[in-house]
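Chain residues, written in single-letter form:
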Amino acid sequence: MEGKDGVPDARGRTLLNDLVNELSASPSGVAFIASCLDRLVATWDLKEAHVVLNDAVLGLQLFNAGRRPFELDRLPSGVLSRGTGIHTEPTLVEEADELDAIARLCEVALRLDRLHYESLHDPLTGLYNRRGFDDHLAASISRSVRYGWSFGLVLLDLDGFKAVNDKIGHQGGDDVLRQVGEDLRHGLRAGDIAARVGGDEFALLLHIDGPSSIEAILDRLHGHEGGNSADITWTAGLAMCPDEASTVDDLYRFADQRLYEAKHAGQAAPRRTESTSRS
Amino acid sequence: MTTDLDRLELELRCVPGVVAVGLDRDSDGEGLLVQAVVLASVAPQDLRARIRRVVDANVREPVSLEIVVDALSSQHPA
């Protein structure tokens, strides 16, 4: 590798070493990839730099330096068909080995991100899992305390789900859980969040002013047509933030207590009472 | 109010069909532009709704959402 004056150009090797050290300290994989591209552009004063990665789960992924939106009339010509790797304008011919190594680092970073994503989501329903939901819950509590916004934590427990499993088997039970997940995903309003936080327990983060709003929302979550062969109802427990609690643990405790009381009172409180129509 | 841009970008890229994400701030720094570049051939039918839900779940500030469909499809390798 040589610079313009024939003197060996160490910039590629130096950048690669820096990036190797940065990978583990980066806040996320996508931030690391953005940093790689930005530093490539800065180091060689490039017009453009992209990286195309092929993740085992996400498939082809294209990243733009600066994380900038693509201008539709300036989309990088043929960038995906050039295959995986880093593509620059102008082309850095002499640094091909270093660019290839940096692209491998980006692959690792994206894989780490994807594993992180999977750690926050429920693979069966695609909803957040407890950990992913709690991140949003904690952020909502902070906003509620700071700005005085109210929201509700709702715990939903499917009624008699064990009997469903016994009746139609675990595969059928999984189908019911997927269907409930779809109902929640499609039925919630913008900004509301759903999660599967236990075997047959779901949680909702609803931006509501008080308990009076919840029944209408849960009514709207009645299932989509088609699916499984069991009649599913649910029982709900609600806790309001900040009026009733303003910590994650306290909100769960309040909502869980309400859910417990509703279950034992045999209440449909508020409760999904219609069977999902099955074919 | 801040948005976790890393999380937003990752969750968008996990929507099937999304191959690129662009993020930018308005010149006054008050709003966020979110661009999702999509290959329709591998996208689910409810792609737009899925993208919208990801944005709504992660962004608590004024946001403009731009979904670019198939602008790269002719360049997709066989």
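Fair warning: this is a prediction, and the values are worked out from it, not measured in the lab. Along every chain, residues carry numbers that run from 1 in the direction the sequence is written. Chain letters start at A and ligand numbers start at 1, both assigned in the order the entries are written. Since the coordinates come from a predicted model, pLDDT governs what is reported: local features require at least 70, and pairs of side-chain atoms require 80 or more to be given and counted, while whole-chain, interface and lining totals use all residues.

Caption draft 1: The arrangement of the overall build of chain B in detail. A helix here means a DSSP run of H or I that spans at least four residues, while a strand means a run of E at least two residues long, and both kinds are numbered starting from the N terminus. Secondary structure summary: chain B contains two helices and three strands in total. Written out in order from the N terminus, the α and β elements of chain B read α-β-β-α-β. Buried, partly exposed and exposed are defined by the number of other C-beta atoms within 10 Å of a residue's own C-beta, namely 20 or more, between the two limits, and 12 or fewer respectively, with C-beta atoms placed from the backbone. Split into buried and exposed, the 78 residues of chain B put 42% on the buried side. Residue pairs at least 24 apart in sequence account for 65% of intrachain contacts in chain B once pairs closer than 6 positions are excluded. Here, residues touch in the contact sense if the C-beta positions derived from the backbone fall within 7 Å of one another.

Caption draft 2: Representation of the domain arrangement of chain A. Segment limits for the domains were obtained from an automatic or database-derived domain assignment. Partitioning chain A into structural domains gives domain 1 (11-119) and domain 2 (130-272). Computed from C-alpha coordinates alone, the two centres of domain 1 of chain A and domain 2 of chain A are separated by 40 Å.

Caption draft 3: Broad picture of the confidence of the model for chain A. All names here are of chain A. Values of pLDDT, the confidence the predictor places in each residue, fall between 0 and 100. Of the residues in chain A, 87% reach a pLDDT of 70 or more, and the chain-wide mean stands at 85. Predicted confidence in chain A is weakest over strand E8 (residues 271-272), with a mean pLDDT of 41, and strongest over strand E6 (residues 201-206), with 96. Segment residues 223-230 is flagged for pLDDT under 50; beyond a separation of four residues in sequence, or across chains, it makes 25 contacts in the model. The model gives residues 268-279 a pLDDT under 50, and that stretch makes 29 contacts with residues more than four places away or in other chains.

Caption draft 4: A look at the interface of chain A and chain B. Counting from both sides, the interface comprises 29 residues of chain A and, opposite them, 26 residues of chain B. Those elements giving two or more residues to the side of chain A that touches chain B turn out to be helix H2 (29-44), strand E2 (59-64), helix H3 (96-119) and helix H4 (130-147) of chain A. For the side of chain A that touches chain B, the element with the highest residue contribution is E2(A), accounting for five residues. Grouping the amino acids of the side of chain A that touches chain B by side-chain chemistry returns 15 nonpolar, nine polar and five charged. Here the nonpolar group is Ala, Val, Leu, Ile, Met, Phe, Trp, Tyr, Cys and Pro; Asp, Glu, Lys and Arg are the charged ones; every other residue, Gly included, is treated as polar.

Caption draft 5: Just the pairing of strand E3 (residues 63-69) of chain B, in detail. Residue and element names in this part refer to chain B. Alignment of strand E2 (residues 32-38) against E3, held across seven bridges, turns out to be parallel. Bridge pairing links valine 37 to valine 68 in E3. For the crossover from E2 across helix H2 (residues 47-58) to E3, the handedness is right-handed. Each pair of strands is called paired provided DSSP finds at least two bridges between the two strands. Here, the term right-handed applies to a crossover whose path from the first strand over the helix to the second runs clockwise when the strands point away from the viewer.

Caption draft 6: Quick look at the nonpolar core. Residues and elements named next belong to chain A. Ranked by internal contacts, the top residues of the largest apolar core, which has 86 residues, are Ile33 and Val154. Tallying contributions element by element places H2 first for this core, with seven residues. Residue contributions to this core reach at least three from each of two domains, namely domain 1 (11-119) and domain 2 (130-272). With residues near it in sequence (within four places) discarded, isoleucine 33 still touches Val51, Phe63, Cys106, Ala109 and Leu110. In this description, a nonpolar core means buried residues of the types Ala, Val, Leu, Ile, Met, Phe, Trp, Tyr and Cys, linked to one another by C-beta atoms lying within 7 Å.

Caption draft 7: Representation of the environment of Val19(B) within the structure. Along the chain, Val19(B) falls in strand E1 (residues 18-25). Between the C-alpha atoms of Val19(B) and Glu66(B), which are 47 residues apart in sequence, the distance is 14 Å. Contact partners of Val19(B), with chain neighbours within four places excluded, come to Leu60(A), Gln61(A), Leu62(A), Val37(B), Val38(B), Leu39(B) and Leu72(B).

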